[in-house]
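# Architecture at a glance
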Amino acid sequence: MRKNSSMVTSLLLLLVFATLTYSSDARLQVCHPSGKIKGIKPPPGQCNPENDSDCCKQGKMYTTYKCSPPVTGNTKAVLTLNSFQKGGDGGGPSECDNQYHSDDTPVVALSTGWYSGGDRCLNYITISANGKSVKAKVVDECDSTMGCDDEHDYQPPCPNNIVDASKAVWEALDIPEGDWGDYDITWSDA
């Protein structure tokens, strides 16, 4: 009986150790907030609310992230709408190529962690939703670390799970225009 008891205890300890090791690894995969930014009121005419873009609110605290959830073959994200054209709500030219892009071209900006310091610049990703898929070129970062300033068109920092897309992407996914804004999608590197 004592031999069986020792074996059961050993197996139980092994199971506990394996569970703790797995839990530690799982926690390392999670992306935690990196800080907060206090919103300021944009100067008159300085925040473009096109495509229902948010403008920073005076005194509101906005969460920042230096990371994004891990990229898999089917990464969950939120699709948002952005205009990369000159004068659009995307602000200045795209970070990857210092160019503006037509709303009729499938292009995206990725949250800071997924943008990966520009490693995905000018590469294509595949976005899937609504039973359809589209390839879109990464041309910009949706900054999750900063915002509420002139450089960011006085818009808040992006959440860490955003694929900010041109109208062409929304149209290719056949998403009804009434649903444009925030839409659950999956994406992967093409």
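This text follows the structure it describes.
Here the residue numbering is sequential within each chain, running from 1 through the sequence in written order. With the structure being a predicted model, the display of local features is reserved for residues of pLDDT at least 70 and the display and counting of side-chain atom pairs for 80 or more, all residues being used for whole-chain, interface and lining totals. Here the side-chain values reflect all heavy atoms present in the structure, with hydrogen atoms and water set aside.

### Observations regarding the sheet that holds strand β8 (residues 182–189)
For clarity, the cut-off: Any two strands between which DSSP finds at least two bridges are classified as paired. Helix and strand assignments come from DSSP, with helices taken as H or I runs of at least 4 residues and strands as E runs of at least 2, each series counted from the N terminus. Axis definition: a line fitted to C-alpha atoms, over the contacting stretch in the case of helices. Angles run 0 to 180 degrees between N-to-C directions.
Here we have 6 strands rolled up into a closed barrel, ordered β3-β7-β4-β6-β5-β8, and mixed in their pairing. With strand direction ignored, the average angle separating the axes of adjacent strands in the sheet is 45 degrees. Where strand β4 (residues 107–111) lies against strand β7 (residues 162–165), 3 bridges are found, and the strand directions are antiparallel. Looking at the pairing, V108 lines up with A165 of β7.

### Comments concerning the pattern of salt bridges
Spelled out, the test is: The salt bridge criterion pairs a side-chain nitrogen of Lys or Arg with a carboxyl oxygen of Asp or Glu, the two atoms within 4 Å. Partly exposed describes any residue whose relative accessible area lies between the buried limit of under 20% and the exposed limit of over 50%, with all areas from a 1.4 Å probe on protein chains only and scaled to the type maximum.
Inspection of every chain in the model, using the stated rule, returns 1 salt bridge. For R120, the salt bridge goes to D189, with nearest N and O atoms at 2.7 Å. One end of the pair, R120, is in the loop between α2 (112–115) and β5 (124–129); the other, D189, is in strand β8, and 69 residues separate them in sequence. A residue is classified by how much of its surface remains accessible, and R120, at 14% relative accessible area, is buried. Looking at D189, the relative accessible area reads 41%, which means it is partly exposed.

### Section: the pairing of β7
Burial of the side chains of β7 extends over both faces: I162 and D164 are buried on one face and V163 and A165 on the other. Note: strand β3 (residues 75–81) against β7, 4 bridges, orientation parallel. Across the sheet, residue T80 finds its bridge partner in β7, namely D164.

### Points about the packing of aromatic side chains
For clarity, the threshold we go by: Between 30 and 60 degrees the pair is tilted, below 30 it is stacked and above 60 it is edge-to-face, where a pair is any two Phe, Tyr or Trp rings, Trp via its six-membered ring, whose centres lie within 6.5 Å.
For the coordinates displayed, the defined rule picks out 3 aromatic pairs. Ring plane angle 70 degrees and centroid distance 5.2 Å describe the contact between W114 and W187, whose orientation is recorded as edge-to-face. Within this pair, whereas W114 is found in helix α2, its partner W187 is found in strand β8, the two being separated by 73 residues in sequence. W187 matches W114 in its accessibility class, with the two residues each being buried.

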